[in-house]
Every structure is written in structure tokens, then in C-alpha cells.
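Chains, contacts and geometry: an overview
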Amino acid sequence: LELGIPANAYVIGNMARITPWKGQEFLLRAFIEYTGQNKNAYLMLVGSPMFGNDKYLKHIMQLIENYSLGKRVIMPGYRSDLKEIFSAMDLFIYPSLEKDTSPLALLSAISSGLPVAVSNIESLKEITNLCPVVDAFDPDDMENMLSLMEKYEDESIRAVSGRKNREAGRTFFDISTH
């Protein structure tokens, strides 16, 4: 996977349609704050706009440019190579702002064994109830998101969380259980 990310980087990732209700701007703004304390951090926003509406994408790109983060925020667009994309991430953050029931990217991240943090919106509680190590946060609370980014800097915490998520994914989301 050729994304220009150094091998020893700490990569925070998200995969979703690039649209306001998926919350990428909130994640990006938290990451902008976080870059001041972790010069080894990268943000990977994977996805494309819905129905060719790229106004929000342009807004996100402008924020990245305004903060000179073009080398630290990776936006590879739509990808179908989930295994490779997830293997490049250390933490998956899903900051949805509105109803978002059983998003496949989120279920895939959990099942792949990534540590995961999600917004505490009502429609995602079913998932957080099944996966006790998935951290829930208020997407309007930047300090909460920053503390989760800091928490998962620790490789041992990531390993335990990832293993437990993989187990929960296999138990609750595997196709063989349905």
C-alpha cells in the first residue's frame, strides 16, 4: 500500500462517505489540535463524496491546506482494498453526527481487529453495547477525542483492544452467524 506514510507513524483512520453527517470535519479539527503534541501522527480519511457532491470535500481539503497538513492527512479516495487500508491504521475513529445504523466500514474495522472509537449517537449504541472495548465519545467534545488519540498511542492498549474487537466481530458480525 503506497500512501506515503512512514513505517513508524501513528495512523488514525476513518472510512466513510465524505459528507457532513459522517463527521470528518470534527475528526480533522481534533487531529489539527493533536498534531501539536504528536509529530508522528497521520490522519487517513478514506472515502468519496456522495453523488458527486464535492462541496464538503473541498471544505475539508481547504482546512488541510490552511493548516499545512497536506503531508500528514492522507485522502486516498474510494478504496475497495479494506485489508490493506485497515492494516495501515493504528486507530479507527468513526465520528458520525446523525443516525447511522450498522455502518459496514465500522463493522469491518471492528472485525479486522482495530481499536475503535465511535461517536455516542443513539444509533451506534447497539454496536458499542456488543463491543465493550469500543470507546464512545461526544463528537462535539474535542478534548474527549484528543484523549482517545492519546490513549491509543500505547501499542499494548491497541493490541488488547484490537484482539477483543476481532473476537466481538467474529461473534456478532461474522456472516456465518447470520
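Here is a short report on the structure shown in this document. Since the model is a prediction, treat every value here as computed from it, not as a measurement.

Taken as a whole, the largest pocket holds about 350 Å³ of empty space. Around the largest pocket, the lining is made up of 18 residues, and of these Met 15, Ala 16, Arg 17, Leu 104 and Ala 105 lie nearest the centre. Counting residues per element, the lining of the largest pocket draws most heavily on helix α4 (residues 104-111), which supplies three residues. In the lining of the largest pocket, the residues fall into 11 nonpolar, four polar and three charged. There is about 240 Å³ of room inside the second largest pocket. Every residue lining the second largest pocket is counted, 17 residues in all, and those nearest its centre are Ile 5, Pro 6, Ala 7, Val 11 and Ala 88. Class assignment of the residues belonging to the lining of the second largest pocket gives a composition of 10 nonpolar, four polar and three charged.

Before going further, it helps to examine the side chain of Asn 14. Structurally, Asn 14 can be placed in strand β1 (residues 10-15). Taking relative accessible area as the criterion, Asn 14 reaches 0% and is therefore assigned buried. Looking at Asn 14, its side chain comes within polar contact range of the main-chain oxygen of Ile 93, at 2.9 Å. Filtering out sequence-adjacent residues up to four positions away, Asn 14 remains in contact with Gln 24, Leu 27, Met 44, Leu 45, Val 46, Met 89, Phe 92, Ile 93, Tyr 94 and Pro 95.

All right, on to the side chain of Thr 19 then. As for its position among the elements, Thr 19 is in the loop between β1 and α1 (24-34). With relative accessibility at 11%, the residue Thr 19 sits in the buried group. With residues up to four places along the chain from it excluded, the contact list for Thr 19 reads Gln 24, Met 50 and Tyr 56.

Moving on: the packing of α1 against helix α6 (residues 142-151). Two elements in contact, α1 and α6, have axes whose closest approach is 9 Å; the angle formed by their N-to-C orientations is 65°. Crossing of α1 against α6: the hand is right-handed. Mapping the contact onto sequence places Phe 26, Leu 27, Arg 29, Ala 30, Phe 31, Glu 33 and Tyr 34 in α1 and Met 142, Met 145, Leu 146, Met 149 and Glu 150 in α6. Class assignment for the residues of the contact of α1 with α6 results in nine nonpolar, no polar and three charged.

In this section: the environment of Gln 37. The topology assignment puts Gln 37 in the loop between α1 and β2 (41-46). For Gln 37 and Ser 68, which are 31 residues apart along the polypeptide, the C-alpha to C-alpha distance reads 16 Å. Separated by 2.4 Å, the side chains of Gln 37 and Glu 150 make a polar contact.

Parameters and conventions
Residues numbered from 1 in each chain as written. Predicted model: local features only at pLDDT ≥ 70, side-chain atom pairs only at ≥ 80, totals over all residues. Heavy atoms only, no water. 1 Å grid on protein atoms, 1.4 Å probe; cavity = no way out; pocket = protein on both sides within 12 Å on 5 of 7 lines; lining within 4 Å. Points joined across faces, edges and corners; volume = space filled by probe spheres on them. Helix = DSSP H or I, 4+ residues; strand = E, 2+ residues; numbered from the N terminus. Nonpolar A, V, L, I, M, F, W, Y, C, P; charged D, E, K, R; others polar. Buried < 20%, exposed > 50% of the residue type's maximum accessible area, 1.4 Å probe, protein only. Polar contact = N/O pair within 3.5 Å; in protein donor to acceptor, adjacent residues only side chain to side chain. Contact = heavy atoms within 4.5 Å. Axes fitted to C-alpha atoms, helices over the stretch in contact; angles between N-to-C directions. Left-handed = near helix turned anticlockwise from the far one by under 90°.

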